[in-house]
Amino acid sequence: MKMSTTPSTARAEIQLPRDCTFTPSDWEVLSQYWYPVAIAADIQEQPVAVTLLDVKLVCYRSRGQVVIARDLCFHRGAPLSKGWVENDEIVCPYHGFRYNCEGTCTAVPAHPNAKISPKLKLIMYPAVERYGLIWTSLAGSQEEIPEFPGWDDPDFINILPPSFDIAGSAGRQMEGFLDVSHFAYVHTETFGDRSNTEVPQYKVNREGSQLTADYWSTVSNYGKGQENPAPEGFMWLRAFRVFPPFTAMLTVHFPEDGRLMILNCASPVSARYTRLFCPISRNFDKNAPVEDTIEFNLQVFNEDREMVEAQTPEDLPLDLMAEAHIPADRTSIAYRQLLTEIGLGRNYTS
């Protein structure tokens, strides 16, 4: 279900955040896109502080709608996330100023009968609830949220692990998600197999602004210690679809037409800090404990996080001469080229 606010005109005057960790040109490009910033179930009346592209935001519900605004009262710069919601209005914790869900100041307690300055208006951002997540954009004028068909398909069950913080760049995390040659070395405790390291040939295709890649291999997607009903020599298809800049969908094809869909959403808190959101849908094992799926995926995330946080350089080099490549890197090479195409710098800080 879509739940949105009408952005304030002040949004058109947006400036780079103070101490911005991105180059101005990269920040301008990235601010045009949509990202998840919170799990929908975590956003109720109590204000929640979130950060996107170094911009501090406050997120809460009012009149049944999700509201996202700059986490700032323009009176004395207090964070509204430390306040509260009362009668569908957010209350500043410093002097009690109140703002409605359109961002208009409705009360100044120190002067209850005085005219309220028009400067006392919050900077608002759009808010859309989809796939169990709250999405927003700092400067995008049109709603563009990646597709995830399993979530709305009645034949699938939906699972939403908690958000996952990574002290690394969104670009490095995304490239790791797309990488097919690290399974045997990074994921040895979950599903990787050191005796099955070869990466068969595969192709990367372009569909408009998106990338697709179908990767076939004998690497099983069942976890270590799990029953593996796949027949001998079963070929696993992992179908990737990349939505720039930092979202990708993976569909893993299991035996007997089973499908597991994972939406990897790397939300850039800052240049080198990422909050990962990962909705999951599947059309098999519908009665299996959801907790087991969440625990398994968190273990996979942790294995990846250890590597992403240790990579040097921390940034994702878009200059293809900056790092060496092998045939297994086709998807990551195409991904770097795609980020260059949307306007990010060659020494991009993701």
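Residues numbered from 1 in each chain as written. Predicted model: local features only at pLDDT ≥ 70, side-chain atom pairs only at ≥ 80, totals over all residues. Heavy atoms only, no water.

Participant: So, helix α4 (residues 290–308): which residues are in play, and what are the values?
Facilitator: Between its first and last C-alpha atoms α4 spans 27 Å; for 19 residues at 1.5 Å apiece the expected length is 27 Å, and the two agree. Within α4 the residues assigned to the buried category are Thr 293, Ile 294, Phe 296, Asn 297, Val 300, Phe 301, Glu 303, Asp 304 and Val 308. (Helix = DSSP H or I, 4+ residues; strand = E, 2+ residues; numbered from the N terminus. Expected span 1.5 Å × (residues − 1). Buried < 20%, exposed > 50% of the residue type's maximum accessible area, 1.4 Å probe, protein only.)

Participant: Summarise unusual backbone geometry; cite the residues concerned and give the values.
Facilitator: In this model, Pro 244 is joined to Pro 245 through a cis peptide bond whose omega is 5 degrees. Going from Thr 312 to Pro 313, the amide bond is cis rather than trans, its omega being 0 degrees. In this structure, Pro 313 sits in the loop between α4 and α5 (330–341). For Asp 19, which is not a glycine, the phi torsion comes out positive at approximately 55 degrees. Structurally, Asp 19 can be placed in the segment before α1 (24–30). Owing to a relative accessible area of 65%, Asp 19 belongs among the exposed residues under this scheme. Backbone geometry places Asn 87, a non-glycine residue, at a positive phi of 55 degrees. Within the secondary structure layout, Asn 87 lies in the loop between β5 (84–86) and β6 (89–91).

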